[in-house]
Amino acid sequence: MSTSPLPTRLVVMGVAGCGKSSLGQQGAAALGLPLLEGDDFHSPANLAKMRGGVALSDDDRATWLDALAAELAQRPDGVVLTCSALKRRYRDRLRAAAPGLRFVFLQLTREQARERVAARPGHVFPVSLVDSQFEALEDPCGEPGVLALDATRPLVDLVAALADWVRRTPAPGEEMRA
């Protein structure tokens, strides 16, 4: 039976404005892993909807999540993915594609998210959609392989917490491989 650790496949998740891209970039660099920006995999139709202030439905997200799951499956040596992963079934879809998948959940309040999104002129995601993200969010705390962090902490502290957690905590399913 193998005792080598599973590759690190990690999703940096949370609502718009929580800092997924910033932590994803720096966390991937700290772990020596490639980064996948989840937003890069949205269809032109999804991007148009968001730019127009229309929240995405589960149907809109289905092909996007399938694309992300395929990307995770194709990265057996590890990867960091940024993805809102708002609902448990979205996270489970990604977990099914990548055994041992972990999630870092960046938490902040609605007001903090609105302020941050408003400070990003020209971004695909408008402030008007922040509430829809909170309405869709199913808190992942308590699920296997989830680290919750206060998104308002300094980025350097978030990167250190992420890297320390990955290095010290077995991935889901890894505990049973010994």
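Residues numbered from 1 in each chain as written. Predicted model: local features only at pLDDT ≥ 70, side-chain atom pairs only at ≥ 80, totals over all residues. Heavy atoms only, no water.

Asks: Any chance you could break down helix 7 (residues 155-168) for me, citing the residues and the numbers?
Replies: With 14 residues, helix 7 should cover 20 Å at 1.5 Å per step; its first-to-last C-alpha distance of 20 Å lies within 8% of that length. Within helix 7, burial applies to Leu 158, Val 159, Leu 162, Ala 163, Trp 165 and Val 166. Seen end-on, helix 7 carries its buried residues on one side only, within an arc spanning 160°. Exposed and oriented more than 90 degrees from the buried face of helix 7 are Val 156, Arg 167 and Arg 168. Residues of helix 7 that are buried make contact with strand 1 (9-13), helix 1 (20-31), strand 4 (102-107) and strand 5 (146-150). (Helix = DSSP H or I, 4+ residues; strand = E, 2+ residues; numbered from the N terminus. Expected span 1.5 Å × (residues − 1). Buried < 20%, exposed > 50% of the residue type's maximum accessible area, 1.4 Å probe, protein only. Arc of directions from axis to C-beta. Contact = heavy atoms within 4.5 Å.)

Asks: Please set out unusual backbone geometry residue by residue, giving values where relevant.
Replies: Positive phi is not limited to glycine here, since Ala 85 has a value of about 45°. Within the secondary structure, Ala 85 is located in the loop between strand 3 (79-82) and helix 4 (88-97). What makes Ala 85 buried here is its relative accessible area of 0%.

Asks: Any details on the side chain of Ser 84? Residues and values, ideally.
Replies: The topology assignment puts Ser 84 in the loop between strand 3 and helix 4. A relative accessible area of 10% places Ser 84 in the buried class.

Such coordinate-based values are descriptive only and should not be taken to indicate function.
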